[in-house]
Amino acid sequence: MIKTSRRAFLAATAAAHGRILGANDRIQIGCVGVGGNGFGMLEALVERSGEAGATVQVVAVSDIYEKRKERARQAAKLSQRQIHHDYREVIGNKDVDAVFLSVPDHWHARMAIEAMAAGKDVYLQKPMTLTIEEARNITEAAAKYGRILQVGSQHLSDQRYHVARDMVAAGEIGKLLWAQNTYSRNTLAGEWNYFVEPEATPETLDWKRWLGSAPDRPFSPERYFRWRKYWDYSGGIATDLFYHRLGPLLFAMGPQFPSRVSASGGIYVQKDREVPDTYSTVIEYPDFYVNLSGSMANAGAQSMILPAIYGQKGTIVIEDKGVRLIPEPIYLRAGASAEEKAGKFIPVETRDLNRAHTDNLFECMRTRKKTVLHPEFGWQLMTAIRLGVDSYRQGRLMLFDPTQRRVVERPPNRPAYSGDGTNHPSVKRRRG
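**Student:** Just to check I follow, could you spell out the overall build of the protein chain for this structure?
**Tutor:** Looking only at helices and strands, the protein chain features 14 helices and 16 strands. Its C-alpha atoms give the protein chain a radius of gyration of 23 Å, within 12% of the compact-globule value 22 Å for 432 residues. Its C-alpha atoms put the protein chain at 80 × 50 × 50 Å along the principal axes. Taking all 432 residues of the protein chain together, 52% fall into the buried category. Summarising the internal contacts of the protein chain: among those between residues at least 6 apart in sequence, 70% fall at separations of at least 24. When the accessible surface of the protein chain is split by element, carbon and sulfur atoms take 51% of a total near 20200 Å². Positive and negative side-chain charges of the protein chain, numbering 59 and 48 respectively, have mean locations separated by a distance of 4 Å.

What follows is the structure, encoded as structure tokens:
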């Protein structure tokens, strides 16, 4: 497990079990990291706290950039004593029930584990972690401390995929085969090239604290504001975007660990980065596979490729307003109508996914049931996503043993074939 500081340990011993929440108790929230995504989450929580009958309230904020601290203080109408430089002061606060973590990927595991050790439930922005081992550590910590954790990929609260899951479970498309999706964008500035604020200087931004466990580097506002472009803190398209895409598909098909993962792509247009601007990965499971492709230099696929799950007897397509089940022609009755051939459409009401996802967390904090994107599922997703990053960087197929839950050098339960085809499973043995 990741080692925690003495200060965090003392906080854990003081508040190891957290507060038991009643049905109408107000949930007190501490926000760590209030940059772009984090500030948006803070604003949503503050707005929610002003609603009639509100049961949530932001009571503490932490960040290492002075400008963001002040902006958050004003937005949440907090006092100076509720604004912190050290995140450990938030997770050690006895008034805080849940910690919302919106920080770079390399900080996810340490902060989440320390928060849970201190008796806090956690909303952890995706991806779950930077590495597979860190995802395992978080899952073990959640079980050890009995805490609720929601990985912040809000697409898991998209009810279209819940309908698709029911279709799969009912056998409506027969044997699962494969699935596909994309995440594509295009901007003149280049993806993740956010504005570098001139106010960010060594005097206003705690660079050493922000680096944390990442390799030591000279002060760089470029890396601070555009960290998703660099391997030290991110996996690029895979971790920022494909985690969103794989999660809902695997939720519908059945959460599990992958067995083999490959990836390809490159920096074809946006040369100012380490991560690829165009990327594809194939994630193999024991009985099906998932194909994800995307580019940050062409957005065309975003409107042309719909999420789809393919089975032997039919296909599930996630459309804008609902879910369509399209039967395979060979299984249609003779003389089937055009309407039958077009498939069955189930309309699904859309709602604010961020609100739905946090609703799920707050409900589970009260009931102590698993969230929709609970730690074990988050670990399974992180394994597939990270293996893709490793495949791309190492230029080789990555193998994983779902039973042992570890990276391996040979495919689990698959023999090494002779090369001449004589011992391939497709060759029938003659009885002698």
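**Student:** Can you help me understand the sheet that holds strand S13 (residues 322–327) in this one?
**Tutor:** Ordered in space as S14-S13-S12-S11-S7-S10-S9-S8-S15-S16, the 10 strands form an open sheet in which the pairing is mixed. This sheet does not close on itself; its edge strands, each paired only once, are strand S14 (344–347) and strand S16 (406–408). The sheet shows a mean angle of 20 degrees between the axes of neighbouring strands, direction not considered. When S13 meets S14, the two strands line up antiparallel, connected through four bridges. Across the sheet, the residue bridging to glycine 322 is proline 347, located in S14.

**Student:** Sorry, what's going on with the side chain of glutamine 82 here?
**Tutor:** Here glutamine 82 lies in the loop between helix H3 (66–76) and strand S3 (83–84). Dropping the residues within four chain positions of it, glutamine 82 is found in contact with Val59, Ala60 and Val61.

**Student:** What am I meant to see in the packing of aromatic side chains here?
**Tutor:** Ring pairs (aromatic) are described by centroid distance and by the angle formed between their planes. If you walk through the whole model with that rule in mind, you get 18 aromatic pairs. Ring centres of tyrosine 224 and phenylalanine 225 lie 4.8 Å apart, and the angle between their planes is 85 degrees; this geometry places the pair in the edge-to-face category. For the ring pair tryptophan 231 and tyrosine 392, a centre distance of 6.2 Å and an interplane angle of 40 degrees mean the geometry is tilted. Of the two residues, tryptophan 231 is situated in the loop between helix H9 (221–225) and helix H10 (237–253) and tyrosine 392 in helix H14 (residues 375–394); the sequence distance between them amounts to 161 residues. Pairwise contacts between aromatic rings join Tyr65, Trp207, Trp210, Phe219, Tyr224, Phe225 and Tyr233 into one cluster. Positioned above the aromatic ring of phenylalanine 39, the side-chain terminus of arginine 71 is 3.9 Å from the ring centre. Taking the ring centre of tyrosine 230 as reference, the NZ or CZ of arginine 223 above it sits at 4.3 Å.

**Student:** Can you walk me through the sheet that holds strand S5 (residues 121–125) in this structure?
**Tutor:** One key point about sheets: their strands pair by backbone hydrogen bonds, in either a parallel or an antiparallel sense. Taken in spatial order, the six strands line up as S3-S2-S1-S4-S5-S6 in an open sheet, and their pairing is parallel. The two strands at the open ends of the sheet, each matched to only one other strand, are S3 and strand S6 (149–152). Where strand S2 (residues 56–62) meets S3, two bridges bridge the pair, whose relative direction is parallel. What sits directly across from valine 61, in S3, is isoleucine 83.

**Student:** Sorry, what's going on with the packing of helix H2 (residues 36–49) against helix H13 (residues 353–367) here?
**Tutor:** Each pair of packed helices can be summarised by the angle the axes make with each other and by the distance between the axes. Two elements in contact, H2 and H13, have axes whose closest approach is 12 Å; the angle formed by their N-to-C orientations is 70 degrees. It follows from the interaxial angle that H2 and H13 lie roughly perpendicular. Handedness of the H2/H13 crossing: right-handed. Seen from H2, the contacting residues are Met41, Leu45 and Arg48; seen from H13, they are Arg355, Thr358, Asp359 and Phe362.

**Student:** Sorry, what's going on with the pattern of salt bridges here?
**Tutor:** Under the definition given, this model contains 36 salt bridges. The partner of glutamate 114 in a salt bridge is arginine 110, and the shortest N-O contact between them spans 3.1 Å. Of this pair, glutamate 114 and arginine 110 both sit in helix H5 (residues 108–117), separated by four residues, roughly a single helical turn. Given a relative accessible area of 0%, glutamate 114 falls into the buried group. A single network of salt bridges, built from pairs that share partners, joins Arg48, Glu51, Arg351, Arg355 and Asp359.

**Student:** Hey, could you run me through the pairing of strand S11 (residues 308–311) in this one?
**Tutor:** Two faces belong to every sheet, and in a regular strand the side chains alternate between them. Where strand S7 (residues 176–182) and S11 come together, four bridges link them in antiparallel fashion. Bridging across to S11, leucine 176 finds its partner in glycine 311. Pairing analysis gives three bridges linking S11 to strand S12 (residues 314–319), with the strands arranged antiparallel. By the bridge assignment, tyrosine 310 is partnered in S12 with threonine 315. The hairpin formed by S11 and S12 contains two residues between the paired strands.

**Student:** Explain the nonpolar core to me, please; I cannot follow it from the model alone.
**Tutor:** Side chains of a nonpolar character, in soluble globular proteins, are inclined to be buried together. In this structure, Met128, Ile138, Leu246, Val290, Ile309 and Ile316 are the most contacted members of the largest nonpolar core, which totals 78 residues. With 11 residues, the single largest contributor to this core is H10. Beyond its immediate chain neighbours, meaning those up to four positions away, leucine 246 contacts Ile283, Tyr285, Val290, Leu292, Leu381, Ala384 and Ile385. Core analysis: the second largest hydrophobic core is formed by 24 residues, Val34, Val61, Ala72 and Ala98 among them.

Cut-off values and rules
- Residues numbered from 1 in each chain as written.
- Predicted model: local features only at pLDDT ≥ 70, side-chain atom pairs only at ≥ 80, totals over all residues.
- Heavy atoms only, no water.
- Helix = DSSP H or I, 4+ residues; strand = E, 2+ residues; numbered from the N terminus.
- Rg over C-alpha atoms; globule rule 2.2 N^0.38 Å.
- Buried < 20%, exposed > 50% of the residue type's maximum accessible area, 1.4 Å probe, protein only.
- Contact = heavy atoms within 4.5 Å.
- Areas by Shrake-Rupley, 256 points an atom, 1.4 Å probe, with all protein chains shown as cover.
- Lys, Arg positive; Asp, Glu negative; His and termini not counted.
- Charge placed at Lys NZ, Arg CZ, Asp CG, Glu CD.
- Pairing = 2+ DSSP bridges.
- Axes fitted to C-alpha atoms, helices over the stretch in contact; angles between N-to-C directions.
- Phe/Tyr/Trp six-rings, centres within 6.5 Å; stacked < 30°, edge-to-face > 60°.
- Lys NZ or Arg CZ within 6 Å of the ring centre and 35° of its normal.
- Parallel < 35°, antiparallel > 145°, perpendicular 65-115°, else oblique.
- Left-handed = near helix turned anticlockwise from the far one by under 90°.
- Salt bridge = Lys/Arg side-chain N within 4 Å of Asp/Glu carboxyl O.
- Core = buried A, V, L, I, M, F, W, Y, C linked by side-chain atoms within 4.5 Å.

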